[in-house]
Amino acid sequence: MRIVYTDVLVVGGGLAGLRAAVGARRRGHDVIILSLVPPKRSHSAAAQGGMQASLGNTARGEGDNEDVHFEDTVRGSDWGCDQQVARLFTHTAPQAVRELAAWGVPWNRVAAGEREVVMDGRRVSLSERPEAHGLIAARDFGGTKKWRTCYVSDGTGHAMLYAVSDRTVAEGIPVHERMEAIALIHDGTRCHGAVVRNLVSGELSAYVARATCIATGGFGRIYRVSSNAVINEGMGAAIALETGAAMLGNMEAVQFHPTTIFPAGILVTEGCRGDGGLLRDAAGHRFMPDYEPEKKELASRDVVSRRMEEHIRAGKGVKTRFGDHLWLDITLLGAAHIDGRLREVKEICQHFLGIDPSRDLIPVRPAQHYSMGGIRTDARGQARGLRGLFACGEAACWDLHGFNRLGGNSVAETVVAGMIVGESMADFVESVNGDLQVSTSLVREFLDAEQARLDALLQGNGRENAGELMRRMQDIMTDKVGIFRSGELLSAAVEELQALLVRSRQIGISTRRPGANPELVTAYRVQKMLKLALCVAWGALQRTESRGAHYREDFPRRDDAQWLKRTLATWSDAFQTLPTLSYEDLDVASMELPPGWRGYGARDAIEHPLTAGRVSEIAAIRQAFGHADRFTVQQALMSYEHLVPECFRGRNARLGEAS
Ligand SMILES: Cc1cc2nc3c(=O)[nH]c(=O)nc-3n(C[C@H](O)[C@H](O)[C@H](O)COP(=O)(O)OP(=O)(O)OC[C@H]3O[C@@H](n4cnc5c(N)ncnc54)[C@H](O)[C@@H]3O)c2cc1C
């Protein structure tokens, strides 16, 4: 029995896991990072467009601050997010972007003077302030009032991931690559680490840790058409679910990105529209202003994706043998802009479509992109239901994004949550000082159980084909649990997924090799992915309203009266075929920004009975505080500072703003 002991185990070598690891290491604790792939190959590298932080350096970002970023995030979430977390996040994001600059991220910078940009289909001239020259620049993104998205051309995630990965090397943190956590070791109330499979040799080890952090990214690959990498199969969320104690939050909240290349699903960044790109139909007509006169192409992603699908349903799409699509037009940006700021988009278009986007239109259609749901944590990243377990990044439901994440808020979340969770884990480890408090027999029990499961697959006589089950699951999710949902489609999806889950207990494999064996890997992962798919579909069926990315054609209104709540899913019995759902109310009476219209999309929500009272209370507080500064007023409305680790409490400095 191979047992590795450490203070902190971080499962996941993407941006979130790496940043959390650095935090805990800097507090003097031993940390080990596990990853399926070398960290620099993690999916974070694919992030193109940028990271939101309210620096306010760019001309169109002037006047930006935490308050504006907070409001954009809450509206973007369709009031589904945790507002204290949104505050904690918007406060810390400027520090994160500056820390990354210090670690070597070559952010695009402001150049003082006049420059031409494309806005709303027209070339306009902007004047950048001389005092901002050389400071970190920002571009426009969907659902934001200010230009706030800091960027490195359109290779932002790549630059960030390399810098943070290099930092972990500098901190001397060991990374165990090609190692997969396949189960959490726990006693029902306390997590003690993970059972880990070596993907090359097949050997199992136990990693016993005082604190364990899951940062394994999203679960997009439960869908057939997704912008996600093939390793985004949600294994971290699944092994947390399988503990029966940890909970998954808001799994039905799945984001579909408006512009993925049709039909492959490869993403072209929102930065294309942020920089002035337009959406056109088969007739070349720019249709978004017809639907969304305020924000047009730059409404939030859930709204733009729905409008695009609506337009296709109205017969306005371009017909092809693979189905219909629309066009993304960035020709108006010009070759120089595309070469400098959208170079990756250009290369994707050249390599995968054989077109030049400075001359040709890009065929696009929405596809699965982001998992707002994940392991439910508190504001400090501690998982609900299992002490010693933490989560951050896309694997977590922290819950910054509610039912729709704003573009640029995810890579920002990874590093900010990493900063918070690194400190939180260090605090936890210090609070449980002493031995690792786990019996060897418990560890052996978990190792033996996992070995037995693998042996059953390797030596059993099951007749079900894992690859076929995987494909069928992905088809069901794309066809029935997509952008437009209905009771009828969702019921059918749930029933079919349950049947697949039962069949997955009879998987047989033909390659009976215990080591490197993709067939075996598919077999044990699909069993777990089906549980995640059921959390999404069953949660979506129960939620009889439309909120953010969760759109029910049979319940098209947002219903704050019934559904201003977070879905929690647990899976306590290996033989159940549905998750157990419970709900966590969002407290309107303590919200800083009570529910209202988002500024785009539908206006006809069913009001929560406490909303009007809270709105009046806020007006009274604002009046009572008269000329107090914005920080004092904010504190009176909703306190969050106690959640910020001491080392990140300082105020953010901005040009022209007294600190
Ligand atoms: C194409 C694309 C473009 C995007 N562009 C942007 C953008 O411009 N701005 C923005 O804010 N967001 C963007 N996003 C979203 C953002 O990139 C991701 O949400 C974010 O990078 C996820 O980071 P993470 O650290 O949580 O996970 P990941 O980067 O996905 O890392 C997960 C890690 O977990 C490891 N892992 C997984 N399972 C296991 C296991 N069982 N055992 C051990 N290790 C495991 C993997 O090896 C990997 O190292 C984009 C997403 C896509 C798909």
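Residues numbered from 1 in each chain as written. Predicted model: local features only at pLDDT ≥ 70, side-chain atom pairs only at ≥ 80, totals over all residues. Heavy atoms only, no water.

Looking at an unreviewed UniProt entry, the protein chain carries the name succinate dehydrogenase, with the source organism given as Zoogloea dura. The Catalytic activity (unreviewed entry) field of the UniProt record for the protein chain holds the comment "a quinone + succinate = fumarate + a quinol". The Sequence similarities (unreviewed entry) field of the UniProt record for the protein chain holds the comment "Belongs to the FAD-dependent oxidoreductase 2 family. FRD/SDH subfamily." (UniProt positions renumbered as here; feature names shortened; annotations may be inferred.)

1. Re the overall build of the protein chain
On a plain count of helices and strands, the protein chain comes out with 18 helices and 21 strands. On C-alpha atoms alone, the protein chain measures out to a radius of gyration of 24 Å, which is about the 26 Å that the 2.2 N^0.38 rule sets for 659 residues. Counting only C-alpha atoms, the protein chain reaches 70 × 60 × 50 Å along its principal axes. Across the 659 residues in the protein chain, those meeting the buried criterion constitute 62%. As displayed, the protein chain has an accessible area near 23,300 Å², and 50% of this comes from carbon and sulfur atoms. Here the protein chain contributes 78 positive and 81 negative side-chain charges, whose respective centroids are spaced 2 Å apart. (Helix = DSSP H or I, 4+ residues; strand = E, 2+ residues; numbered from the N terminus. Rg over C-alpha atoms; globule rule 2.2 N^0.38 Å. Buried < 20%, exposed > 50% of the residue type's maximum accessible area, 1.4 Å probe, protein only. Areas by Shrake-Rupley, 256 points an atom, 1.4 Å probe, with all protein chains shown as cover. Lys, Arg positive; Asp, Glu negative; His and termini not counted. Charge placed at Lys NZ, Arg CZ, Asp CG, Glu CD.)

2. A few points about the state of the cysteines
A full pass over the atoms with the stated rule returns zero disulfides. We note that C213 lacks a disulfide partner, and the nearest cysteine sulfur, in C392, lies 3.8 Å from it. Its sulfur unpaired, C397 is 10 Å from the next cysteine sulfur, which belongs to C81. Taking the relative accessible area as the measure of exposure, C397 reaches 1% and is therefore buried. (Disulfide = S-S within 2.5 Å.)

3. Considerations on the pairing of strand β1 (residues 3-11)
In terms of burial, β1 is a largely internal element, seven of the nine residues being buried. With eight bridges connecting them, β1 and strand β10 (residues 204-214) associate as parallel partners. Each residue of the ladder has a partner; that of V4, found in β10, is Y207. Note that β1 and strand β2 (residues 31-35) share four bridges and pair parallel. (Pairing = 2+ DSSP bridges.)

4. A closer look at the pairing of β2
Regular strands have side chains that alternate between both faces of the sheet. Judged by how many residues are buried, β2 sits mostly within the fold: five of five residues are covered. Crossover β1 to β2 through helix α1 (residues 15-26) is right-handed. In this sheet, strand β7 (residues 175-177) lies alongside β2 in parallel orientation, the contact comprising three bridges. Across the sheet, residue I33 finds its bridge partner in β7, namely V175. (Right-handed = clockwise from strand over helix to strand, strands pointing away.)

5. Re the packing of α1 against helix α4 (residues 156-170)
One can describe the packing of α1 onto α4 by two numbers: an axis separation of 9 Å at closest approach and a directional angle of 30°. As summarised for this structure, α1 and α4 are arranged roughly parallel, according to the angle between their axes. For the pair α1 and α4, the crossing hand works out as left-handed. Between α1, through L15, L18, R19, V22 and R26, and α4, the contact on the second element is made entirely by M160, L161, V164, S165, R167 and T168. Its residues assigned to classes, the contact of α1 with α4 comprises six nonpolar, two polar and three charged. (Axes fitted to C-alpha atoms, helices over the stretch in contact; angles between N-to-C directions. Parallel < 35°, antiparallel > 145°, perpendicular 65-115°, else oblique. Left-handed = near helix turned anticlockwise from the far one by under 90°. Contact = heavy atoms within 4.5 Å. Nonpolar A, V, L, I, M, F, W, Y, C, P; charged D, E, K, R; others polar.)

6. A word on the site of the ligand
Taken together, 39 residues surround the ligand, and among them S42, H43, S44, E394 and S410 come closest. Between L15 and the ligand, the recorded distance is 3.2 Å, taken from a backbone N or O atom to an oxygen atom. Here G50 contributes a backbone N or O atom positioned 2.8 Å from a nitrogen atom of the ligand. Among the elements of the structure, α1, β2, β8 (179-186), β16 (362-371) and α11 (409-431) are those that each provide at least two residues to the shell around the ligand. Residues that form the shell around the ligand fall into these classes: 15 nonpolar, 21 polar and three charged. (Near = heavy atom within 4 Å. Polar contact = N/O pair within 3.5 Å; in protein donor to acceptor, adjacent residues only side chain to side chain.)

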